[in-house]
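Residues per chain are reported as follows:
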Amino acid sequence: QVQLVESGGGLVQAGGSLRLSCAASGRTFSSYGMGWFRQAPGKEREFVAGIGWSGVNTRYADSVKGRFTCSRDNAKNTVYLQMNSLKPEDTAVYYCAADYLNWGRREKNEYEYWGQGTQVTVSS
C-alpha cells in the first residue's frame, strides 16, 4: 500500500514557476515509477511527466517538454515537479501517481495509487 500526498500548488502569473511535491508512504517507494497527471475542468486527466525508479529516466508530455522537470529523492520518499514558464493552459488539478515496477506510462489506468491532487492556477 502506498499513500501519496501532493503539495505546492497555488496561484501564479503566466511566466512564473511552481514546484510541486508528492510525499509517499511505504518502504518500497523506490520500486515504483512515478507519474504526474493533470486534469482541467471538463477535460480528461492527462499525462504530464513520469520518472523511473532511480530518477535517471524521465518522460514528458510534448506540451510541457522544456518547461517542466520531474525529479525524485528516494531517501525522502518524495517526487517533485518543477514547473517553469507557466501558461494559463497549465491550469489544472495536478496529481501524482505510482506505478509498480513500471515507469513513464501515459495511461492513467496503469497506475495503482493516486494522491488527492493539488490545484495549480495560472493567471494571464
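Scroll up for the structure.
In this text, all values refer to a predicted model and were calculated from it rather than measured experimentally. (Residues numbered from 1 in each chain as written. Predicted model: local features only at pLDDT ≥ 70, side-chain atom pairs only at ≥ 80, totals over all residues. Heavy atoms only, no water.)

K.L.:
What should I look at first to understand the overall build of the protein in this one?
P.N.:
Looking only at helices and strands, the protein has zero helices and eleven strands in total. Listing the helices and strands of the protein from first to last along the sequence gives β-β-β-β-β-β-β-β-β-β-β. By the compact-globule yardstick of 14 Å for 124 residues, the protein fits well, its C-alpha radius of gyration being 13 Å. Residues classed as buried in the protein amount to 43% of the 124 residues present. Accessible surface computed for the protein: about 6300 Å², of which carbon and sulfur atoms make up 45%. Distance between charge centres in the protein, computed from 14 positive and 11 negative side chains, equals 4 Å. (Helix = DSSP H or I, 4+ residues; strand = E, 2+ residues; numbered from the N terminus. Rg over C-alpha atoms; globule rule 2.2 N^0.38 Å. Buried < 20%, exposed > 50% of the residue type's maximum accessible area, 1.4 Å probe, protein only. Areas by Shrake-Rupley, 256 points an atom, 1.4 Å probe, with all protein chains shown as cover. Lys, Arg positive; Asp, Glu negative; His and termini not counted. Charge placed at Lys NZ, Arg CZ, Asp CG, Glu CD.)

K.L.:
Just to check I follow, could you spell out the nonpolar core for this structure?
P.N.:
Across soluble globular proteins, nonpolar side chains have a tendency to be buried as a group. Core analysis: the largest hydrophobic core is formed by 33 residues, its most contacted members being Met-34, Trp-36, Leu-81, Met-83 and Tyr-94. When contributions to this core are tallied by element, the ones reaching two or more residues are β3 (18-24), β4 (32-39), β5 (46-51), β7 (68-73), β8 (78-83), β9 (92-100) and β11 (118-123). Examining the composition of this core, we find that five residues originate from one element, β9, more than from any other. Setting aside residues no more than four positions away along its own chain, Leu-81 makes contact with Leu-18, Arg-19, Leu-20, Trp-36, Val-48, Ala-49, Phe-68, Thr-69, Cys-70 and Tyr-94. (Core = buried A, V, L, I, M, F, W, Y, C linked by side-chain atoms within 4.5 Å. Contact = heavy atoms within 4.5 Å.)

K.L.:
Sorry if this is basic, but what is going on with the state of the cysteines here?
P.N.:
Between two cysteines, a covalent bond joining their sulfur atoms is known as a disulfide. One pass over the full model with this rule turns up one disulfide. Sulfur-sulfur distance for the disulfide between Cys-22 and Cys-96 comes to 1.9 Å. Between Cys-22 and Cys-96, the S-S dihedral sits near 50°, and the bridge is therefore right-handed. Within this pair, whereas Cys-22 is found in strand β3, its partner Cys-96 is found in strand β9, the two being separated by 74 residues in sequence. A single burial state applies to Cys-22 and to Cys-96, both of which are buried. Free of any disulfide, Cys-70 has its nearest neighbouring cysteine sulfur in Cys-22, separated by 9.5 Å. (Disulfide = S-S within 2.5 Å.)

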